[in-house]
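Architecture and fold: a report
Single-letter residue listing:
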Amino acid sequence: MKKFAFMLLLLLFVVVLPGQGHAAGGSNKIFLDGKELTAGLDVPVENVNNSIMVPLRMIAENLGYQVNWDQKSKTVTIEQQGKTIKLIVDQTAASVDDKTVVLTTAPLLRSDTTLVPIRFIGEQFGLKVNWDNTTKVVNLITPEIPDSTSNTGESSGDGGTSVAVPPVDTTANLTMVNGISFSENRLTIAMDGNSQPVVSKVTGPDRIVIDLPNATFSDVFGTGQVLSPDLNGSLAVTDYPDVSGVRYSLYSTNPYTVRFVIDLNYAKNYSVNVSGDVSKLVVVDLNAASTNDPATLPGNNGRKLVVLDAGHGAKDSGAVGVTGKYEKNFNLAVVLKAAALLKQENKVDVVLTRSDDTFLELKERAGMANNLKADLFISVHANSGSSSAASGSETYYQRAASKALANVMHKYLVQATGLSDRGVRYGNFHVIRETTMPAVLLEVGYLSNKGDEALLFSEDLQNKVAAGMVAGIKEYLKL
Ligand SMILES: [Zn+2]
């Protein structure tokens, strides 16, 4: 959606929400270089898990960035000085130019207004962002020396202006830490570079220390969580009984080391794995039964990353069954069951393109797997035919590199459904064409067939298909 359409949308907000030009009294305030910003505050600023969330319109009207909103995909695009950031409502995965970063708090909708994390966005474009918790004020500060330090690592050292430390030549080959998150009892660190994490257990009090040698925080870190001027901060962890919090800092600049500390409530085992090629995810998993030393893992990347894609979602129901059941719900149920099983495997990480009734464009699904450099991509669908007699299971591949995976997955799919075997087929579907890893699309059965529809919506069949998918994944990955 182009700017014109965005302006229309703004107009809509003005029409729909009269008299809400200012945040309600007592709510959080925003200052830019000492001047209070009031334009575009359709709804009050919110503090969500220590991320200050502001209306998108406030950014468009006050900061001079080019802001686009795509209603269909719920995607916010913000451009300035050749840099593009993309955020999607309810998703913590975002991108800065083409790099995937993890937000602490996903953009969210309030009364049709999109709230976005101001710290993350401001810092992307060189603003200093401070939060005064006592006065509940966000201070945005334009730096006196424009930070033109680009992602090439070049500095703005021309013309005799002083440049912020550290100097370019020392940081050029550093691993850049882009973001962290803590969920499902796992600390996930997103980074670009080859730093090999050194993880150790420390007692008195119990904690796990993760050092990333030869690393520093990139300018995309600090996505709403505190990153103080001396480069340290912490992440509140409230939902996990094992963990009281996570701290992080640029522990040393000689040699460069980023340190994370998981503060534990009692001693815990953990496993560590690093996945990805250039953009990497380091996962420190406290669900592990016993601790494995990352140094003992072959190549330090013994785990595989599988992306599971539940077809359709939200307004896109997919096929509608003979009794009116929606394909999107079947797809999601199977994917959630398969993910739950895969999470019990120690050598596999699983990422879902959607884990609820959300709409995603096809290119976002493929893009997510590509950005994560996943090892496998499996999309789950159910079919519909013009004849109500059509019944059975099919598995599709598009690229030759996916054929072997299709053969393995299909064997287990047919076993699981017990429906007629309609074969492994070529299909020119976007998600299996545009992905860069072996990728298949399963058509589990025909919702246009009464028998298939009833079967597909039975708990028992869904469990069998999920277990079959996991068996296929393990066989293909030789786990
Ligand atoms: Zn479908």
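The rules behind the values
Residues numbered from 1 in each chain as written. Predicted model: local features only at pLDDT ≥ 70, side-chain atom pairs only at ≥ 80, totals over all residues. Heavy atoms only, no water. Pairing = 2+ DSSP bridges. Helix = DSSP H or I, 4+ residues; strand = E, 2+ residues; numbered from the N terminus. Axes fitted to C-alpha atoms, helices over the stretch in contact; angles between N-to-C directions. Donors = N, O, S within 2.8 Å, 3.2 Å for Na, K, Ca; no water. Tetrahedral: all angles 85-135°; square planar, octahedral: opposite > 155°, others 65-115°. Buried < 20%, exposed > 50% of the residue type's maximum accessible area, 1.4 Å probe, protein only. Salt bridge = Lys/Arg side-chain N within 4 Å of Asp/Glu carboxyl O. Parallel < 35°, antiparallel > 145°, perpendicular 65-115°, else oblique. Left-handed = near helix turned anticlockwise from the far one by under 90°. Contact = heavy atoms within 4.5 Å. Core = buried A, V, L, I, M, F, W, Y, C linked by side-chain atoms within 4.5 Å. Expected span 1.5 Å × (residues − 1). pLDDT = per-residue confidence, 0-100. Phe/Tyr/Trp six-rings, centres within 6.5 Å; stacked < 30°, edge-to-face > 60°.

1. Remarks on the sheet that holds strand E19 (residues 232-236)
One open sheet accounts for five strands, arranged E16-E17-E21-E20-E19; its pairing is antiparallel. The sheet is open, and its two edges are formed by strand E16 (198-202) and E19, each paired on a single side. With strand direction ignored, the average angle separating the axes of adjacent strands in the sheet is 15 degrees. When E19 meets strand E20 (residues 243-253), the two strands line up antiparallel, connected through five bridges. By the bridge assignment for E20, Asn232 is matched with Ser249.

2. With respect to the coordination of the zinc ion
Summarising the metal site, the zinc ion is bound by the protein donors His312 (NE2), Glu327 (OE), Glu327 (OE) and His381 (ND1), whose distances to it range over 2.1 to 2.7 Å. Coordination geometry of the zinc ion: the four donor atoms subtend angles of 51 to 142 degrees at the metal centre, consistent with an arrangement described as irregular. Linear spacing of the donor residues for the zinc ion on their chain is H-x14-E-x53-H. Taken together, the residues Glu327 in helix H5 (residues 327-342) and His381 in strand E26 (residues 376-383) connect sequence positions 54 residues apart. Note on Glu327: relative accessible area 2%, which makes it buried. For His381, a relative accessible area of 12% translates into the label buried.

3. Concerning the pattern of salt bridges
This structure, assessed with the given rule, holds 20 salt bridges. With a closest N to O distance of 3.8 Å, Lys72 and Glu361 form a salt bridge. Of this pair, Lys72 sits in the loop between strand E5 (66-70) and strand E6 (75-80) while Glu361 sits in the loop between strand E25 (348-352) and helix H6 (362-371), and the two are 289 residues apart along the sequence. Exposure remark for Lys72: the relative accessible area of 48% places this residue in the partly exposed category. Among the salt bridges present, the one from Lys268 reaches Asp242, with a minimum N-O distance of 3.3 Å. With a gap of 26 residues between them, Lys268 in the loop between strand E21 (256-264) and strand E22 (271-276) and Asp242 in the loop between E19 and E20 connect regions that are remote in the sequence. Because the salt bridges share partners, they merge into one network encompassing Glu184, Arg186, Asp285 and Lys343.

4. Things to note about the packing of H5 against helix H10 (residues 459-477)
One can describe the packing of H5 onto H10 by two numbers: an axis separation of 8 Å at closest approach and a directional angle of 50 degrees. Between H5 and H10, the angle is such that the two are oblique. The two elements H5 and H10 cross, and the hand of that crossing is right-handed. For the pair H5 and H10, contact is made by Phe330, Ala333, Val334, Lys337, Ala338, Leu341 and Leu342 and by Glu459, Leu461, Gln462, Asn463, Val465, Ala466, Ala467, Met469, Val470 and Ile473, respectively.

5. Considering unusual backbone geometry
Of note, the phi angle at Lys74 is positive, near 55 degrees, even though the residue is not glycine. With a phi angle near 65 degrees, Asn185 is a residue other than glycine that sits in the positive phi range. With respect to the helices and strands, the residue Asn185 is situated in the loop between strand E14 (175-183) and strand E15 (186-192).

6. Side note on the nonpolar core
Residues Leu308, Leu442, Met469 and Ile473 are the most contacted members of the largest nonpolar core, which totals 37 residues. Of all elements in the fold, only strand E24 (304-310), H5, E25, E26, helix H7 (403-417), strand E29 (439-446) and H10 reach the threshold of two or more residues within this core. Once residues within four sequence positions are removed from consideration, Leu442 is found in contact with Ile378, Ser379, Val380, His381, Glu394, Thr395, Met409, Leu413 and Met469. Ile52, Leu63, Ile78 and Phe120 belong to the second-largest nonpolar core, a separate cluster that totals 33 residues.

7. Examining the sheet that holds strand E12 (residues 128-132)
Reading across from one edge, E2-E1-E13-E12 is the order of the four strands in this open sheet, with mixed pairing throughout. Two strands bound the open sheet, and with one partner strand each, they are strand E2 (35-36) and E12. Here strand E1 (residues 29-32) pairs with E2 via two bridges, running antiparallel. Note on E2: the bridge partner recorded for Leu32 is Lys35.

8. Focus on H10
With 19 residues, H10 extends 27 Å from end C-alpha to end C-alpha; this agrees with the ideal 27 Å at 1.5 Å per step. Within H10, the full set of buried residues consists of Leu461, Gln462, Val465, Ala466, Gly468, Met469, Val470, Gly472, Ile473 and Leu477. In this structure, the buried residues of H10 make contact with E24, H5, E26, H7, E29 and helix H9 (450-456).

9. Focus: the environment of Gly313
Relative to the assigned elements, Gly313 resides in the loop between E24 and H5. Distance in space between the C-alpha atoms of Gly313 and Thr358 is 5.1 Å, their sequence separation being 45 residues. Apart from the residues lying within four places of it in its own chain, the contact partners of Gly313 are Lys328, Arg354, Asp357, Thr358 and Phe359.

10. Structural notes on the confidence of the model for the protein
Mean pLDDT over the protein works out to 80, with 84% of the residues at or above the 70 mark. Here residues 1-26 is a poorly scored stretch, pLDDT under 50, and it has 32 contacts once near neighbours within four places are set aside; other chains count. Low pLDDT, under 50, characterises residues 145-170; the predicted model gives this stretch 17 contacts beyond four residues in sequence or across chains.

11. Topic: the packing of aromatic side chains
Taken as a whole and judged by the stated rule, the model has five aromatic pairs. Note on Tyr248 and Phe260: the rings are 6.4 Å apart at their centroids and 50 degrees apart in plane angle, and the pair reads as tilted. Linking Tyr248 in strand E20 with Phe260 in strand E21, this pair joins segments that are twelve residues apart in sequence. We note that Tyr248, like Phe260, is buried.

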